[in-house]
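Observations on the three-dimensional arrangement
The chain contents come next:
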Amino acid sequence: MLIDSHCHLDFETFAPELDAVVERARKAGVGGFLTICTRLTEFEHVRSIAERFDDVWCTVGIHPHEAASEPATGASRLVELTRHPKVIGIGEAGLDYYYEHSPRDRQRAVFRDHIEAARLSGLPLIVHSRDADKETVELLEEGATKDGLSGVIHCFSSTAYLAERALALGFYISLSGIVTFRNAGTLRNIARSIPAERLLVETDAPYLAPVPHRGKRNEPAFVAHTAAFVAELRGVDPDTLANESTSNFHRLFAKARH
């Protein structure tokens, strides 16, 4: 069975048919879902979805796009919210210097809070990084000096530099449907080199539907297409890729096993 290690089941596009979306994914071989919080003000809704389905977990965090619009919070508040049994990660958080919907200094401050919360809670950090490889690495390495930091670079589409430094910190790399896109040759080269024990797969649904659904609304069932593509890319059979990535998920998100 596969696990969609990053999706957004709380988004309005899924609301009218959420049960059907989850059921389609199960029929496609998806045995677990991690639905990601992007706004602390929406956390209760995210958590309620995780509570609704036995095979769905959730996270708590503030996306860099929302860093300026969300109320100020600190690491202690994030840690407090992780006490719920369904909350298994911190984020997604990070830096986005492509869209810059929030000022860079605010993004960095919020990211630091999430790094500290991940370290204090012992839960993995889900990292968003776009056009900010250098500063992402700097802040992760700064946080790692205190020990206890683990996590994943989600929806990886960055440089080999970020992949190498993240792997050196013990982080995992998660591949989305972007790896199936025609212009993703550089990403495919990186995808081939990720150690098997550090690889995850995701949809980032409702965004970034993989080939053959590119341009449509993404949903967790489509992680099967990404996983099959990555398996062929790496020269392994799909069952091997599914078993490895699922094992990796449960190793990283150990709270999901309880």
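Please refer to the structure higher up on the page.
Here we summarise the structure given alongside this text. (Residues numbered from 1 in each chain as written. Predicted model: local features only at pLDDT ≥ 70, side-chain atom pairs only at ≥ 80, totals over all residues. Heavy atoms only, no water.)

Some words on the overall build of the chain
For the chain, the helix and strand inventory stands at nine helices and eight strands. Computed over C-alpha atoms, the radius of gyration of the chain comes to 17 Å, within 12% of the 18 Å expected from 2.2 N^0.38 for 258 residues, which places it in the range of a compact globule. Sequence separation of 24 or more characterises 73% of the internal contacts of the chain that already satisfy a separation of 6 or more. Summing over all exposed atoms, the chain offers an accessible surface of approximately 10,800 Å²; the carbon and sulfur share of this is 48%. If the 29 positive side-chain charges of the chain are averaged to one point and the 36 negative ones to another, these points end up 1 Å apart. (Helix = DSSP H or I, 4+ residues; strand = E, 2+ residues; numbered from the N terminus. Rg over C-alpha atoms; globule rule 2.2 N^0.38 Å. Contact = heavy atoms within 4.5 Å. Areas by Shrake-Rupley, 256 points an atom, 1.4 Å probe, with all protein chains shown as cover. Lys, Arg positive; Asp, Glu negative; His and termini not counted. Charge placed at Lys NZ, Arg CZ, Asp CG, Glu CD.)

A short note on unusual backbone geometry
Each neighbour pair has its own omega, and for alanine 205 with proline 206 the value is 15°, a cis peptide bond. Note that proline 206 resides in the loop between strand E8 (199-201) and helix H8 (223-234). Cis geometry marks the peptide bond from valine 211 to proline 212, where omega comes out at 15°. Considering the arrangement of structural elements, one finds proline 212 in the loop between E8 and H8. Despite not being glycine, aspartate 147 shows a phi value in the positive range, around 70°. In this fold, aspartate 147 is placed in the loop between helix H5 (133-144) and strand E6 (151-153).

Focus: the nonpolar core
Grouped burial of nonpolar side chains is what soluble globular proteins tend to show. Formed by 75 residues in total, the largest nonpolar core has its most connected members in Leu9, Phe111, Leu125, Leu140, Ile153 and Phe156. Among residues more than four places away in sequence, those in contact with phenylalanine 111 are Ala93, Gly94, Leu95, Leu125, Val127, Thr136, Leu139 and Leu140. Ile126, Val152, Leu252 and Phe253 belong to the second largest nonpolar core, which has 13 residues in total. (Core = buried A, V, L, I, M, F, W, Y, C linked by side-chain atoms within 4.5 Å. Buried < 20%, exposed > 50% of the residue type's maximum accessible area, 1.4 Å probe, protein only.)

So, the packing of helix H7 (residues 185-193) against H8
Viewed as axis vectors pointing N to C, H7 and H8 meet at an angle of 75°, and their least axial separation amounts to 9 Å. Taken together, the axes of H7 and H8 are roughly perpendicular relative to one another. Contact residues: H7 offers Arg188, Ala191, Arg192 and Ser193, while H8 offers Phe229, Leu233 and Arg234. Here the residues of the contact of H7 with H8 sort into three nonpolar, one polar and three charged. (Axes fitted to C-alpha atoms, helices over the stretch in contact; angles between N-to-C directions. Parallel < 35°, antiparallel > 145°, perpendicular 65-115°, else oblique. Nonpolar A, V, L, I, M, F, W, Y, C, P; charged D, E, K, R; others polar.)

Notes on the sheet that holds strand E2 (residues 30-35)
Here eight strands make up an open sheet; going across it, the order is E1-E2-E3-E4-E5-E6-E7-E8 and the pairing parallel. The open sheet has two free edges, formed respectively by strand E1 (2-7) and E8, since each of these has just one partner strand. Between one strand and the next, the sheet's axes are offset by a mean angle of 30°, whatever the strand orientation. Here strand E4 (residues 87-96) runs beside strand E5 (residues 125-130); their pairing, made up of five bridges, is parallel. Residue glycine 94 lies in a different strand from E5, and its bridge partner there is histidine 128. Sheet contacts for helix H6 (residues 160-168): E5, E6 and strand E7 (172-175); angle to E7, the most-contacted strand, approximately 135°. Each of E1, E2, strand E3 (56-60), E4, E6, E7 and E8 touches helix H9 (residues 238-252); the most contacted strand, E8, lies at about 100° to it. (Pairing = 2+ DSSP bridges.)

Structural notes on the packing of H5 against H6
The contact between H5 and H6 brings their axes to 10 Å, and the two run at 10°. Here H6 runs roughly parallel to H5, going by the angle between their axes. Of the residues in H6, those touching H5 at Asp133, Lys134, Thr136, Val137 and Glu141 are Tyr161, Leu162 and Arg165. Partitioned by chemical class, the residues of the contact of H5 with H6 number three nonpolar, one polar and four charged.

Regarding helix H4 (residues 104-121)
Under the 1.5 Å per step criterion, the end-to-end length of H4 is 26 Å for 18 residues, consistent within 8% with the ideal 26 Å. All buried positions along H4 are accounted for by Gln107, Val110, Phe111, His114, Ile115, Ala117 and Ala118. Seen from one end, H4 has its buried residues packed into an arc of 160°, which puts them on one side. Among the exposed residues of H4, those pointing more than 90 degrees away from its buried face are Asp105 and Leu120. The secondary structure elements touched by the buried residues of H4 are helix H3 (75-81), E4, E5 and H5. Immediately downstream of H4, the backbone of glycine 122 shows phi near 80°, a positive value. (Expected span 1.5 Å × (residues − 1). Arc of directions from axis to C-beta.)

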